[in-house]
Amino acid sequence: MDDLVRLLSRADKLLRAASDAALSEHGVRIGQNLVLEALWEQDGLAPGELAARLGLTTPTIVNTATRMETAGLVVRRRDPADARLVRLYLTGKALRAREPVEEARRRLEERVAAALTEEERRHVRTALEKIIKELA
């Protein structure tokens, strides 16, 4: 079992580094892409709504949003119906980053899975889904 945990940890570290390198070329850091993907689907979500969608905590989203705001990817605006609530909206920079970021992720996935057969890809996907479900 120790070997599996060690291998997963090593793969995670390498994948995070490769993801961050690929995304940073487009002004996006790892983790921010998840927030962007959710906002590309539905702009104007509140941090709590994003946290629920992504399975993260609201403080994590707030911290990420602060960095994204500094990078010019999102802006915060008060909810017109409830001024206590803040919503996150994509900037033009974030909208323009969508296609390059999605393409970078596609290329990275191709690289990651290049040595795997289609059957091995299905097995890895299934195994990872089971691991995530067990730990979530």
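Placed above this text is the structure.
Counting from 1, residues in each chain are numbered in the order their sequence is written. For a predicted model such as this one, the threshold for reporting local features is a pLDDT of at least 70, and the threshold for listing and counting side-chain atom pairs is 80 or more; totals across whole chains, interfaces and linings nevertheless cover every residue. Computation of side-chain values covers all heavy atoms of the structure but excludes hydrogens and water.

### Remarks on the overall build of the protein chain
For step 1, the next point in the chain: For helices the rule is a DSSP run of H or I covering at least 4 residues; for strands it is a run of E covering at least 2, with both sets numbered from the N terminus onward. Each helix and strand counted, the protein chain has 6 helices and 2 strands in total.
For step 2, the next point in the chain: Mapped in sequence order, the helices and strands of the protein chain form the string α-α-α-α-β-β-α-α.
For step 3, the next point in the chain: Principal axes of the C-alpha set define a box for the protein chain whose edges measure 50 × 30 × 20 Å.
For step 4, the next point in the chain: A buried classification covers 27% of the 136 residues belonging to the protein chain.
For step 5, the next point in the chain: Of the contacts formed within the protein chain by residues at least 6 apart in sequence, a portion of 47% connects residues at least 24 apart. Throughout, exposure labels follow a simple rule: accessible area from a 1.4 Å probe, protein chains only, divided by the maximum for the residue type, with under 20% read as buried, over 50% as exposed, and the rest as partly exposed. Should any heavy atoms of two residues lie within 4.5 Å, those residues are considered in contact.

### As for the side chain of asparagine 33
For step 1, the next point in the chain: Following the sequence through the fold, asparagine 33 ends up in helix H2 (residues 32–41).
For step 2, the next point in the chain: Not counting the four nearest positions on each side in its chain, asparagine 33 is found in contact with Leu23, Val28, Val101 and Arg105.

### With respect to a nonpolar patch on the surface
For step 1, the next point in the chain: For patch detection, residues must exceed 30% relative accessible area and be free of salt bridges, and they are connected within 9 Å for like charges or within 5 Å for nonpolar side chains (Val, Leu, Ile, Met, Phe, Trp, Tyr). Here the Shrake-Rupley method, with its probe set to 1.4 Å, supplies the accessible areas, and only the displayed protein chains count as covering residues. Should a side-chain nitrogen of Lys or Arg be within 4 Å of a carboxyl oxygen of Asp or Glu, the pair is scored as a salt bridge. Together, Leu4, Leu8, Leu116, Val124, Leu128 and Ile132 line one region of the surface with nonpolar side chains, adding up to about 460 Å² of accessible area.
For step 2, the next point in the chain: It is helix H6 (residues 118–135) that contributes the most residues to the nonpolar patch, 3 residues altogether.
For step 3, the next point in the chain: Looking at the secondary structure, you find leucine 128 in helix H6.
For step 4, the next point in the chain: According to the relative accessible area criterion, leucine 128 is partly exposed, its value standing at 37%.

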